[in-house]
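Breakdown of the fold
Spelled out, the chains give:
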Amino acid sequence: MILLGLLMVLLAGGAVALVLTEESARYILFGYTFELNHVEMFLAGAATAAVLLLGLWLLGSGSRRTARERRRMRAAKAETSDRVARLENEKRDLERKLEREHATDGDQLVARGTHERH
C-alpha cells in the first residue's frame, strides 16, 4: 500500500509539474498533443487532486498498518522472552531440587552402609 501510495503521489506531482512548466494550454505527453479547454482543465485538476489525496491516504494507512504490525511483533518477542526466562528459572529450580535429592539419597546410602557393617 505504501508503494502504491507513493506512486500515486509522484504521478500527481508529475502532472502538476507538467502543467506548471507549460506556457500554454497545449500539452505534449508521450508523443500525443492535448489541448484542454477550461472545463477539461478543471476536471484534470480535480482528478489530479483526487489521485494525490488517495495516494496520501494510502501512504498513511500503510504506515499505520506497518507500525501496528511492528508493535505486535515487539510484544510477541517480549512475551516469548519472558516465557523463556520463566522456563529457565523453573529448570534451574528443578535442577537444584534434583541435586538436593541426590545428595540426600547419597547420605542415606552412606548411613545404611555404616549400619550394616557394625
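The residue count restarts for each chain, going from 1 along the sequence in the order it is written. Restriction of local features to residues with pLDDT of at least 70 applies here, the model being predicted, together with a cutoff of 80 or more for giving and counting side-chain atom pairs; totals for whole chains, interfaces and linings are based on all residues. Side-chain measures here rest on the full set of heavy atoms in the structure, leaving out hydrogens and waters.

1. Things to note about the pairing of strand β2 (residues 32-35)
In this analysis, strands are considered paired if DSSP registers two or more bridges between them. In DSSP terms, a helix is any run of H or I states spanning at least four residues, a strand is any run of E spanning at least two, and both are numbered starting from the N terminus. Relative to β2, strand β1 (residues 26-29) runs antiparallel, the two being bridged by four bridges. Bridge pairing in β2 links I28 to T33.

2. Observations regarding helix α1 (residues 2-21)
By definition here, a helix of n residues has an expected span of 1.5 Å times n minus one. In this model α1 runs 28 Å from its N-terminal to its C-terminal C-alpha over 20 residues, within 8% of the 28 Å that 1.5 Å per residue would give. Remark: exposure states derive from per-residue accessible area (1.4 Å probe, protein chains only) relative to the maximum for the residue type, with buried under 20%, exposed over 50%, and partly exposed in between. Along α1, the residues that are buried comprise G5, M8, V9 and A12. Buried residues of α1, seen end-on, are gathered within an arc of 100° and therefore sit on one face of the element. Along α1, the residues that are exposed and aim more than 90 degrees away from the buried face are L3, L7, L10, L11 and T21. As used here, the arc is the angular range of directions from the helix axis to the C-beta atoms.

3. Details of the confidence of the model for the protein chain
On average, the protein chain scores 86 in pLDDT, and the residues at 70 or more come to 89%. Known as pLDDT, the predictor's confidence for each residue is given on a scale from 0 to 100. Across the protein chain, α1 holds the top mean pLDDT of 88, while β1 sits lowest at 78.

4. Some remarks on the layout of surface pockets
Put simply, the largest pocket is a space of about 470 Å³. Of the two site types, the cavity is a set of points on a 1 Å grid over the protein atoms alone where a 1.4 Å probe fits but cannot get out, and the pocket is an open set with protein on both sides within 12 Å along at least five of seven lines, each lined by residues with an atom within 4 Å of a point. Looking at the largest pocket, it is lined by 19 residues, and the ones nearest its centre are A15, L18, V19, A44 and T48. At the level of elements, α1, β1 and α2 (38-117) are the ones that each hand at least two residues to the lining of the largest pocket. The biggest single contributor to the lining of the largest pocket is α1, with eight residues. Residues were grouped as follows: Ala, Val, Leu, Ile, Met, Phe, Trp, Tyr, Cys and Pro as nonpolar; Asp, Glu, Lys and Arg as charged; and all remaining residues, including Gly, as polar. Residue classes in the lining of the largest pocket are distributed as 16 nonpolar, three polar and no charged. Grid points are joined across faces, edges and corners, and a volume is the space filled by probe spheres set on the points.

5. A word on a nonpolar patch on the surface
Together, L29, F30, Y32 and F34 line one region of the surface with nonpolar side chains, adding up to about 490 Å² of accessible area. Position of F30 among the secondary structure elements: in the loop between β1 and β2. Note on F30: relative accessible area 76%, which makes it exposed. Two joining distances apply to patches: 9 Å for like charges and 5 Å for nonpolar side chains (Val, Leu, Ile, Met, Phe, Trp, Tyr), and every residue must have over 30% relative accessible area and no salt bridge. Here the open area of atoms and residues is found with the Shrake-Rupley method and a 1.4 Å probe, where only the protein chains shown may cover a residue. Salt-bridge detection follows one rule: a side-chain nitrogen of Lys or Arg within 4 Å of a carboxyl oxygen of Asp or Glu.

6. Here we look at the pattern of salt bridges
Under the counting rule described, the total for this entry stands at five salt bridges. Among the salt bridges present, the one from R72 reaches E69, with a minimum N-O distance of 3.1 Å. Placement of the pair is R72 and E69 together in helix α2, with a separation of three residues, close to one helical turn. For R72, a relative accessible area of 47% corresponds to the partly exposed category. Between R83 and E79 there is a salt bridge, with the nearest N and O atoms lying 2.9 Å from each other. Of the two residues, R83 and E79 are both situated in helix α2; the distance of four residues between them amounts to about one turn of the helix.

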